[in-house]
Amino acid sequence: MPLRVNPNRMELLKLKKRLVLARRGHKLLEDKLEGLIQRFLQESKDYRTFRDQVELEFLTFLAIGAYARTRISDESWQLIVQSSRGSVKLKQRTEKRMNVPVEVLSVEEVSLPTYSLVETPTVLDEITRKWEELLKKMVELSNKERYLIALAMEIERTKRRVNALEYKLIPQLQETIKFISTKLEELERSNFFRLLRLKE
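First things first, this report covers the structure right here in the doc. In this text the structure is predicted, and so the values were computed from the model without any measurement. (Residues numbered from 1 in each chain as written. Predicted model: local features only at pLDDT ≥ 70, side-chain atom pairs only at ≥ 80, totals over all residues. Heavy atoms only, no water.)

Relative to strand β2 (residues 100-111), strand β1 (residues 87-97) runs antiparallel, the two sharing 11 bridges. Looking across to β2, one finds that arginine 93 is bridged to valine 104. Taking the residues that link successive antiparallel strands as the turn, the β1-β2 hairpin has 2 residues, and the phi of methionine 98 there is positive, at about 55 degrees. (Pairing = 2+ DSSP bridges. Helix = DSSP H or I, 4+ residues; strand = E, 2+ residues; numbered from the N terminus.)

Now the structure itself:
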């Protein structure tokens, strides 16, 4: 369906310029879409590898925890659980990666639980150290996941823009240009025949 415009030469020139810009924009958006898809595939591959690594470390952490539990009496375990309190301070900021805004978390401060070094086995120290490492990696994993989601949303937005240009705006402009050109040709023909009649 052509755009509603006055069929004159000025409008025809404007529409031709708009068509050139629309085609250029379409090409740029297609290139951007291709780059985003390639980046998404690479990032998702890295994410899966990193996630497998974190899951393996988490299972190791649970195994060490289960072993530590067998080495400590029930009374001592209850005392450790009740008395030890740790805390984590996270910082959130917005970063732009490939011109895609993404919320990024970082571990600012980790306060590890305190316990008696004399009354507890050394395996508890390893659990605490492993937990701190695992916590940082889980935050990094969540950042990777958040970036993948942001990339997927940007791909969807860019795809919609590409489709809007390709299937709606560009065909409309082409149809309108054709319509105006036809109208102008008709006017020229009728003017030509009018002039011929006047001459006769």
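So much for the structure itself; the text now carries on.
Time to look at the packing of helix α1 (residues 9-71) against helix α3 (residues 123-199). A pair of packed helices can be characterised by two numbers: the angle between their axes and the separation between those axes. Between α1 and α3, whose axes approach to 5 Å, the crossing angle comes to 165 degrees. Viewed along their axes, α1 and α3 adopt a mutual orientation that is roughly antiparallel. Here α1 and α3 pass one another in a crossing that is left-handed. Broken down by class, the residue content of the contact of α1 with α3 amounts to 36 nonpolar, 10 polar and 22 charged. (Axes fitted to C-alpha atoms, helices over the stretch in contact; angles between N-to-C directions. Parallel < 35°, antiparallel > 145°, perpendicular 65-115°, else oblique. Left-handed = near helix turned anticlockwise from the far one by under 90°. Nonpolar A, V, L, I, M, F, W, Y, C, P; charged D, E, K, R; others polar.)

The first and last C-alpha atoms of α3 sit 111 Å apart over 77 residues, in line with the 114 Å expected at 1.5 Å per residue. A bend of about 40 degrees at leucine 165 is the largest found in α3. (Expected span 1.5 Å × (residues − 1). Bend = angle between axes of the 7 residues up to and from the residue.)

Here the focus is the nonpolar core. Ranked by internal contacts, the top residues of the largest apolar core, which has 13 residues, are Val54, Ile127 and Leu141. Apart from the residues lying within four places of it in its own chain, the contact partners of isoleucine 127 are Phe61, Ile64, Gly65 and Ala68. Listed in part, the 12 residues of the second largest apolar core include Leu12, Ala22, Leu29 and Leu173. (Core = buried A, V, L, I, M, F, W, Y, C linked by side-chain atoms within 4.5 Å. Buried < 20%, exposed > 50% of the residue type's maximum accessible area, 1.4 Å probe, protein only. Contact = heavy atoms within 4.5 Å.)

Once that is clear, we can look at the pattern of salt bridges. On inspection of all chains with the given rule, the structure shows 12 salt bridges. For arginine 9, the salt bridge is made with glutamate 188, and the minimal N-O distance between the two is 2.4 Å. In this pair, arginine 9 sits in helix α1 while glutamate 188 sits in helix α3, placing the two residues 179 residues apart along the sequence. When its relative accessible area of 48% is taken as the criterion, arginine 9 is described as partly exposed. With relative accessibility at 44%, the residue glutamate 188 sits in the partly exposed group. Glutamate 154 is paired through a salt bridge with arginine 157; the nearest N and O atoms lie 2.8 Å apart. One end of the pair, glutamate 154, and the other, arginine 157, are both in helix α3, 3 residues apart, so they sit about a helical turn from each other. (Salt bridge = Lys/Arg side-chain N within 4 Å of Asp/Glu carboxyl O.)

What follows is about the packing of aromatic side chains. Evaluated as defined, the whole model comprises 2 aromatic pairs. With a centroid separation of 5.6 Å and an interplanar angle of 35 degrees, the aromatic rings of phenylalanine 61 and tryptophan 131 are classed as tilted. Placement of phenylalanine 61 in helix α1 and of tryptophan 131 in helix α3 is noted, with a sequence separation of 70 residues between them. Residue classification places phenylalanine 61 among the buried positions, given a relative accessible area of 15%. Here the aromatic residues Phe58, Phe61 and Trp131 are joined through ring pairs into a cluster of three or more. Residue placement shows arginine 97 over the ring face of tyrosine 147; its charged tip is 5.0 Å from the ring centre. Across from the ring centre of phenylalanine 50, 5.5 Å away, lies the NZ or CZ of lysine 144, which sits over that ring. (Phe/Tyr/Trp six-rings, centres within 6.5 Å; stacked < 30°, edge-to-face > 60°. Lys NZ or Arg CZ within 6 Å of the ring centre and 35° of its normal.)

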